[in-house]
Amino acid sequence: MKHIHNGILRVLVTCSAIAAVSLSASAQTIAITGGKVYPVSSAPIENATVLIRDGKIVAVGSNVDIPAGAQRIDATGKWVTPGLINADTHIGVDEIGAVRDTRDDAARGKDNIAAAFRVWDGINSRSILIAPTRREGITNVVVIPGGNQLVSGQAAMLTLLDGMPTDMIMRSPIAMVAEVGDVGSAGVGARGELLMRLRELIEDTRAFMKNRAAYERAETRDYAASRLDLEAMIPVVEGRLPLIIEADKSTDIDAALRFAKENNLKIMIGSGAEAWMVASELAAANVPVLTGAMNNIPGSFSTLGSIQENAAKLRSAGVKVILIGNSGADDESFNVRNIKQGAGNAVAYGMTWDDALRAVTLTPAEVFGVADRIGSLQPGRDANVVVWSGDPFEFSTVPEHVLVRGKEYTEPDRQQMLTDRYKSLPNTWGTPIHK
């Protein structure tokens, strides 16, 4: 009995020690001090402190009391912003674009409709592309389905932290993704037919909602989509889930606006190369645009009106702009990290600096319904914080500290290890390439 008692005592002591360690780790307090802080939700603050406890921001300002024992990060002379958000990615579901076995971003669907496809179900949380993306100051991404089908599926907001997919998923779904500009990919012969099929899907979803019992008894007409796809479309039809409509051509965007108004849908425009041509209509309809500023080279007849001033013109007209990467080569998952260069380009082509910062932080958080968690530096928000060596939109600026929910990520990723390795390789004269 004595041995049993001693064994129980040792277990209790061990459990208490583990609990104490866990409590200490979860209650860690971090103070980022002396930097120029850009909360985004309010004016910048010089020589300010961001106080973090238990993975959350608890105070931001120039007169913040720092508790004894808090870990300090000296940001004197640095710029401090929320972690950036790239709102149009395939990270975690598309590792190598040319290798089919590494792509899980596109569903086959039925008759080019895959509304029930939840792209986050295939997330690879161990993707080697996550660490270099995070190292460039991106702490959150929207992962969207690919395939350019009539309806490609549902998107999710992720936090780029270590763990399983369940740990990374912040909110799902956050949007449904559809197509009105690519007739071939959507499996139809003309733009009018594409919109006709979308109308049919909306009408069939409404009919399914009213006659679900009859559907289960096989007493309804045939519908344009499967039961699961119709179920997935219900939040869209009810206006609870936004529909991202991928469109570049100004006339396609105009058609999408009319389609949304006719069906009382909440939409966003994705890509939107020629959105500047219908900026006033988009602003009047309060329709956000997810667009890039990396190039103005037309990739198709639908993008002949591409200009790098697109984002600036949209914002000047009052449109909510979310800056993303461009299509083509820039759409590859390894380019997700380039969002800060895209924002810098937008500023170079007329967008205000403040609008550009907002377009990669608070605006996507607001549009996708997670502004109570991310997108700004305010008490109660997740401690996704980046300390930059200078202006984050300048090419030579680098993130010096990246915190995700209060944890600083410092481990080298594969890309950094390769860079360091080849910097030290000798050249043909036997001396290092870089000293």
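Computed from a predicted model, the values in this text were never measured in an experiment. (Residues numbered from 1 in each chain as written. Predicted model: local features only at pLDDT ≥ 70, side-chain atom pairs only at ≥ 80, totals over all residues. Heavy atoms only, no water.)

Remarks on the environment of A87
The condition is simple: The way it works is that DSSP assigns letters per residue, a run of H or I at least four long becomes a helix, a run of E at least two long becomes a strand, and they are numbered from the N terminus. Residues are treated as being in contact if the distance between any of their heavy atoms lies within 4.5 Å.
You can see A87 is positioned in strand β6 (residues 84–89). Separated by 236 residues in sequence, A87 and L323 place their C-alpha atoms 7.6 Å apart. If we skip the residues at most four places from it in the chain, A87 touches V142, I144, L290, I322, I324, P364 and F368.

A word on the pairing of β6
Note the cut-off: Only protein chains enter the accessibility calculation, which uses a 1.4 Å probe; a residue is then buried when its area is under 20% of its type maximum, exposed when over 50%, and partly exposed in between. DSSP-based pairing: two strands are paired if at least 2 bridges between them are found. Every crossover in which the path from the first strand over the helix to the second runs clockwise, viewed with the strands pointing away from the viewer, is termed right-handed.
In terms of burial, β6 is largely enclosed, as six of its six residues are buried. Of the pairings in the sheet, the one linking β6 to strand β7 (residues 138–143) comprises four bridges and is parallel in character. Bridge pairing in β7 places N86 opposite V141. You can see the chain leave β6, run along helix α2 (residues 130–135) and come back into β7, and the turn it takes is right-handed.

Here we look at the nonpolar core
What counts is decided by this rule: What is meant by a nonpolar core is a set of buried Ala, Val, Leu, Ile, Met, Phe, Trp, Tyr and Cys residues, joined one to another through side-chain atoms within 4.5 Å.
In terms of nonpolar packing, the biggest core is built from 109 residues, with I267, L282, L323 and F368 touching the most fellow members. When residues of this core are assigned to their parent elements, the largest contribution, seven residues, is made by helix α4 (residues 191–210). In terms of nonpolar packing, the next biggest core, distinct from the first, is built from 15 residues, V37, I57, I73 and V385 among them.

Digging into the confidence of the model for the chain
This is how the line gets drawn: As a per-residue measure, pLDDT tells how confident the predictor is, with possible values from 0 to 100.
When pLDDT is averaged across the chain, the result is 89; 89% of the residues are at 70 or more. Confidence over residues 1–5 falls short of pLDDT 50; this stretch has zero contacts with residues more than four positions distant or in other chains.

Description of helix α7 (residues 250–263)
For clarity, the threshold we go by: By this rule, a helix spans an expected 1.5 Å times one less than how many residues it contains.
For α7, built from 14 residues, the straight-helix expectation of 20 Å at 1.5 Å per residue is met to within 8% by its first-to-last C-alpha distance of 20 Å. Along α7, the residues that are buried comprise S250, D252, I253, A255, A256, L257, F259, A260 and N263. Of the surrounding secondary structure, the elements contacted by the buried residues of α7 are α4, β10 (243–247), β11 (267–271) and α8 (279–284).

Digging into the sheet that holds strand β13 (residues 321–323)
For clarity, the threshold we go by: Every axis in this analysis is a line fitted to C-alpha atoms, fitted for helices over the stretch in contact. Angles between the N-to-C directions lie between 0 and 180 degrees.
If you trace the eight strands from one edge of the open sheet to the other, you get β6-β7-β8-β9-β10-β11-β12-β13, paired in mixed fashion. Because the sheet does not close on itself, it has two edges, and the strands there are β6 and β13. Each neighbouring strand pair of the sheet contributes to a mean axis angle of 25 degrees, computed without reference to strand direction. Of the strand pairs in this sheet, strand β9 (residues 169–179) and β10 are connected by four bridges, and their pairing is parallel. Residue pairing for β10: V177 is matched across the bridge by I244.

Details of the environment of V236
Among the structural elements, V236 can be located in helix α6 (residues 227–237). As a C-alpha pair, V236 and N264 span 28 residues in sequence and 9.7 Å in three-dimensional space. The contact partners of V236, leaving out residues within four places of it in the chain, are M176, L241, L243 and L265.

Considering the packing of aromatic side chains
Here is the rule: When the centres of two rings from Phe, Tyr and Trp lie within 6.5 Å, Trp using its six-membered ring, the rings pair. Their planes under 30 degrees apart give stacked, over 60 give edge-to-face, and anything left gives tilted. Comment: the charge-over-ring label is applied if NZ (Lys) or CZ (Arg) is within 6 Å of the ring centre and within 35 degrees of the ring normal.
According to the stated counting rule, one finds seven aromatic pairs in the structure shown. When the centroid spacing of 5.0 Å and the interplanar angle of 50 degrees are considered together, the rings of Y38 and W353 count as tilted. Here Y38, found in the loop between β1 (29–37) and β2 (45–53), pairs with W353, found in helix α11 (residues 353–359); they are 315 residues apart in sequence, far enough to count as distant. For the pair formed by Y38 and W353, the shared burial category is buried. Seen from their ring centres, W353 and F393 are 5.4 Å apart, and the 45 degrees between their planes marks the pair as tilted. Here W353 is found in helix α11, whereas its partner F393 is found in the loop between β14 (385–388) and β15 (399–404), with 40 residues between them in sequence. The pair W353 / F393 is uniform in exposure class, with both members buried. Grouped by ring-pair contacts, the aromatic residues Y38, W79, W353 and F393 constitute a single cluster. The ring of W79 is capped by K36, whose NZ or CZ atom sits 5.9 Å from the centre of that ring. Of note, R134 hangs over the ring of Y409, and the distance from its end group to the ring centre comes to 3.8 Å.

Notes on helix α10 (residues 339–348)
Working note: α-helix, 3.6 residues per turn, so residues spaced by three or four point in the same direction. In terms of residue burial, α10 counts as a mostly covered element, since seven of its ten residues are buried. Along α10, the positions that sit buried rather than exposed are I339, K340, Q341, G342, A343, G344 and A346. On its buried face, α10 is in contact with β6, β7, β13, α11 and β14. Positive phi shows up at G350, right after α10, with a value of about 110 degrees.

So, the packing of α4 against α7
Helices that pack against each other are described as a pair by the angle of their axes relative to one another and the distance between those axes. Heads up, the condition is: For classification, angles of less than 35 degrees are called roughly parallel, those exceeding 145 degrees roughly antiparallel, those between 65 and 115 degrees roughly perpendicular, and all remaining angles oblique. By definition, turning the near helix anticlockwise from the far helix through less than a right angle yields a left-handed crossing, and turning it clockwise yields a right-handed one. Throughout, the ten residues Ala, Val, Leu, Ile, Met, Phe, Trp, Tyr, Cys and Pro are labelled nonpolar, Asp, Glu, Lys and Arg are labelled charged, and all others, Gly among them, are labelled polar.
Running from amino to carboxyl end, α4 crosses α7 at an angle of 20 degrees, the nearest separation of the two axes being 12 Å. Taken together, the axis directions place α4 and α7 in an arrangement best described as roughly parallel. Considering only the axes of α4 and α7, their crossing is right-handed. Across from R191, L195, L198, R199, I202 and R206 in α4, the residues of α7 making contact are D252, A255, F259, E262 and N263. By residue class, the composition of the contact of α4 with α7 is five nonpolar, one polar and five charged.

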